[in-house]
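What the coordinates show
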Amino acid sequence: MKKIFMYSMLVFAVLFGSVASVSAQSKQLEKNTKKRAKELKKEGWTMQASTTTLDYALLKYNTYLEEDEDNRIPLTGIATGKNPKIGRENAIQNAITSYASRAKAQVVGKVKSIMSSDASVTTEEIDKFGAAYESGVNTKISGLVKQHFVLVREGSDGNKEFNVFMSIDEAKAKQAREEAATEARKQASLGNLSQQVEEFIGEPVEGEE
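Residues numbered from 1 in each chain as written. Predicted model: local features only at pLDDT ≥ 70, side-chain atom pairs only at ≥ 80, totals over all residues. Heavy atoms only, no water.

A few points about the overall build of the protein
For the protein, the helix and strand inventory stands at 6 helices and 4 strands. Starting at the N terminus and walking to the C terminus, you meet the elements of the protein as α-β-α-β-α-α-β-β-α-α. The proportion of buried residues among the 209 residues of the protein is 33%. Restricting to contacts in the protein with at least 6 residues of sequence separation, those with at least 24 account for 71%. (Helix = DSSP H or I, 4+ residues; strand = E, 2+ residues; numbered from the N terminus. Buried < 20%, exposed > 50% of the residue type's maximum accessible area, 1.4 Å probe, protein only. Contact = heavy atoms within 4.5 Å.)

Shown next as structure tokens:
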């Protein structure tokens, strides 16, 4: 009976500790979100075509990301224009283009740092691969991004600035990068460096600075 009681107390302590930890994380998330929402409002951003508030939209977005932070990658894009629809689409494309550019820079940079191990591979071939890879990633992840909400603010020149908050599933993005790399290899000769390229492709793309 004593052992059962001790076991029950241990389970309760573990569960209570987990709940307390989650609660603390939730409060910290709310605090950080509130601070960021305040900054965005101070910068002049407001919700576009939405009945919800900026605070709620941002909290919902951050909560969504935190629920699977290893697989849900945040993406943001900004564009300027007068037409809301075109401005939003350009902002989305801006985020996709930025992601593809970072994916290329990450892989090409690492491949060039070890290219001395294969004298048969030239910088030109790596650059050729990088350009084809970037183009492929840009095309393939376009249908994978999830749009959460859009902010807008008036510019000093009369145009509007659009800021789209999105996310992408890393598992699907990785598959898209692998497919883009397979196609890019057909346009460049990487020799023995192909194995290292595969490893670099599998690494998540670094976030925006």
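Back to the text.
Description of the packing of helix H3 (residues 84–114) against helix H4 (residues 123–140)
Where H3 meets H4, the axes come as close as 9 Å, and the angle between the chain directions of the two elements is 155°. For the element pair H3 / H4, the angle class is roughly antiparallel. In this structure, H3 crosses over H4, and the sense of that crossing is right-handed. Residues Gln 93, Ile 96, Thr 97, Tyr 99, Ala 100, Ser 101, Ala 103, Lys 104, Val 107, Val 108, Val 111 and Lys 112 of H3 touch H4, and the partners they reach there are Thr 123, Ile 126, Asp 127, Phe 129, Gly 130, Ala 131, Tyr 133, Glu 134, Val 137 and Asn 138. Across the contact of H3 with H4, the residue classes break down as 12 nonpolar, 6 polar and 4 charged. (Axes fitted to C-alpha atoms, helices over the stretch in contact; angles between N-to-C directions. Parallel < 35°, antiparallel > 145°, perpendicular 65-115°, else oblique. Left-handed = near helix turned anticlockwise from the far one by under 90°. Nonpolar A, V, L, I, M, F, W, Y, C, P; charged D, E, K, R; others polar.)

Quick word on the environment of Gln 147
Tracing the backbone shows Gln 147 in strand S3 (residues 146–154). When the C-alpha positions of Gln 147 and Ile 168 are compared, they lie 9.0 Å apart, and in sequence the two are 21 residues distant. Sequence-distant contacts of Gln 147, defined by excluding residues within four places in its chain, comprise Arg 88, Ile 92, Val 164, Phe 165 and Met 166.

So, the pattern of salt bridges
Summed over the entire model, instances satisfying the criterion amount to 13 salt bridges. A salt bridge links Lys 41 to Asp 55, with the shortest nitrogen-to-oxygen separation between them at 2.6 Å. Note that Lys 41 is positioned in helix H1 (residues 2–42) and Asp 55 in helix H2 (residues 54–67), a separation of 14 residues in sequence. Overall, the relative accessible area of 44% leaves Lys 41 in the partly exposed class. The closest approach of N and O atoms between Glu 170 and Arg 177, which form a salt bridge, is 2.8 Å. (Salt bridge = Lys/Arg side-chain N within 4 Å of Asp/Glu carboxyl O.)

Some remarks on the packing of helix H5 (residues 170–185) against helix H6 (residues 194–202)
It is the contact of H5 with H6, at a shortest axis distance of 9 Å, that shows an interaxial angle of 155°. It follows from the interaxial angle that H5 and H6 lie roughly antiparallel. Seen from above, H5 lies across H6 with right-handed handedness. Contacts between H5 and H6 pair Lys 174, Arg 177, Glu 178, Ala 181 and Arg 185 from the former with Ser 194, Val 197, Glu 198, Ile 201 and Gly 202 from the latter.

With respect to the packing of aromatic side chains
On inspection of all chains with the given rule, the structure shows 4 aromatic pairs. Centroid distance Phe 129 to Tyr 133: 5.7 Å. Interplanar angle 5°. Geometry classified as stacked. With Phe 129 and Tyr 133 both in helix H4, this residue pair falls 4 residues apart, about one helical turn. By way of ring pairs, the aromatic residues Tyr 61, Phe 149 and Phe 165 are connected into one cluster. Over the aromatic face of Tyr 64 sits the side chain of Arg 72, whose NZ or CZ is 4.0 Å from the ring centroid. (Phe/Tyr/Trp six-rings, centres within 6.5 Å; stacked < 30°, edge-to-face > 60°. Lys NZ or Arg CZ within 6 Å of the ring centre and 35° of its normal.)

Quick notes on a negative patch on the surface
Taken together, the side chains of Glu 66, Asp 68, Glu 69 and Asp 70 make up a negatively charged region of the molecular surface. Along the chain, Asp 70 turns up in the loop between H2 and strand S2 (72–81). (Patch = residues over 30% accessible without salt bridge, like charges linked within 9 Å, V, L, I, M, F, W, Y side chains within 5 Å. Areas by Shrake-Rupley, 256 points an atom, 1.4 Å probe, with all protein chains shown as cover. Lys, Arg positive; Asp, Glu negative; His and termini not counted. Charge placed at Lys NZ, Arg CZ, Asp CG, Glu CD.)

Some thoughts on the pairing of S2
When a strand is regular, its side chains alternate between the sheet's two faces. Burial of S2 is one-sided: the residues Ile 73, Leu 75, Gly 77, Ala 79 and Gly 81 facing one way are buried, the residues Arg 72, Pro 74, Thr 76, Ile 78 and Thr 80 facing the other way are not. Sheet topology places S2 next to strand S4 (residues 160–169); 10 bridges connect them, and they run antiparallel. Across the sheet, the residue bridging to Gly 77 is Val 164, located in S4. (Pairing = 2+ DSSP bridges.)

A short note on the layout of surface pockets
By volume, the largest pocket amounts to about 220 Å³. Among the elements of the structure, H2, S2 and S4 are those that each provide at least two residues to the lining of the largest pocket. Residue composition of the lining of the largest pocket, by class: 5 nonpolar, 3 polar and 2 charged. (1 Å grid on protein atoms, 1.4 Å probe; cavity = no way out; pocket = protein on both sides within 12 Å on 5 of 7 lines; lining within 4 Å. Points joined across faces, edges and corners; volume = space filled by probe spheres on them.)

A look at unusual backbone geometry
For Ala 49, which is not a glycine, the phi torsion comes out positive at approximately 45°. Its relative accessible area of 82% is what places Ala 49 among the exposed residues.

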